[in-house]
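Spelled out from the first residue to the last, the chains are:
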Amino acid sequence: MSEMQMRVSDEDRERTTLQLRQAFTEGRLTQPELEDRLELALTAKTYGDLLGLIADLPAEHTPADDVVELESKNNHIKRSGDWAVPRRLRISSKYGGVELDFSEAVVPHSVVDVELDLAYGSAKIILPEGAVANVDAWRGDHNEPKVSVPSRPRPGALCVVVSGRSKYGGLTVRYPRKRWFTH
């Protein structure tokens, strides 16, 4: 059996849909083309099926060292809304806090490493529903992390691995809050 005839996983389908969405945002695909290809990608059975959907698109560009470093002495570091999440985030803040909201972010990786170095600030990480977080490598000198999401990896779910330390601040990891009065 050739590799093109081998069956694909949900992660393979998800990776292809992310590449198709990226091609759409770059203007390489029209809305109807994107919709058609997404439908085919989500029902693909083999690698050959998926390859046919992206053969006319540039190869997925993933830098080998996809690390973003953010540093602040006094200000709050915040990422929310529709932002591109790198494979690794290194954040250093002396007095300010950190808020990372992944709930609407574009996350092309199944695992994201977040390394925090906080002196006096706290960190809040908001994950999309179904995502998991591993905070085993996190150390707070005065506070235990408050984690209200599962830590066991799930197939196809985003896993955020948090490491680092906080001297006086804390760490909170949760899902978005439910809004009661939205239309």
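Going by the structure above, here's the rest.
Residues numbered from 1 in each chain as written. Predicted model: local features only at pLDDT ≥ 70, side-chain atom pairs only at ≥ 80, totals over all residues. Heavy atoms only, no water.

Turning our attention to the packing of helix H1 (residues 10-25) against helix H2 (residues 31-42). Close contact between H1 and H2 brings their axes to 9 Å; oriented N to C, the two are set at 175°. As summarised for this structure, H1 and H2 are arranged roughly antiparallel, according to the angle between their axes. Across the interface between the two elements, Arg13, Thr16, Thr17, Leu20, Arg21 and Phe24 from H1 touch Gln31, Leu34, Arg37, Leu38, Ala41 and Leu42 from H2. Here the contact of H1 with H2 is built from residues that sort into six nonpolar, three polar and three charged. (Axes fitted to C-alpha atoms, helices over the stretch in contact; angles between N-to-C directions. Helix = DSSP H or I, 4+ residues; strand = E, 2+ residues; numbered from the N terminus. Parallel < 35°, antiparallel > 145°, perpendicular 65-115°, else oblique. Contact = heavy atoms within 4.5 Å. Nonpolar A, V, L, I, M, F, W, Y, C, P; charged D, E, K, R; others polar.)

Core analysis: the largest hydrophobic core is formed by 29 residues, its most contacted members being Leu100, Phe102, Val114, Leu116, Ile125, Leu127 and Leu171. Of all the elements in the fold, those that place two or more residues in this core are strand E3 (88-93), strand E4 (98-101), strand E5 (111-118), strand E6 (123-126), strand E7 (132-140), strand E9 (159-166) and strand E10 (171-174). Broken down by element, this core gets its largest block of residues, four residues, from E5. Among all residues touching Phe102, those that are not within four sequence positions of it are Trp83, Val85, Val107, Val112, Val114, Ile125, Ile126, Leu127 and Pro128. Counting residues in hydrophobic clusters, the runner-up holds twelve residues, among them Ala23, Ala44, Leu50 and Ile54. (Core = buried A, V, L, I, M, F, W, Y, C linked by side-chain atoms within 4.5 Å. Buried < 20%, exposed > 50% of the residue type's maximum accessible area, 1.4 Å probe, protein only.)

On to the pattern of salt bridges. Under the defined criterion, the tally for this structure stands at ten salt bridges. Among the salt bridges present, the one from Glu26 reaches Arg28, with a minimum N-O distance of 2.7 Å. The class for Glu26 is partly exposed, based on a relative accessible area of 43%. Notably, a salt bridge pairs Asp141 with Arg139, separated by 3.9 Å at the nearest N-O pair. Each of Glu11, Asp12 and Arg15 takes part in one network of salt bridges that share partners. (Salt bridge = Lys/Arg side-chain N within 4 Å of Asp/Glu carboxyl O.)

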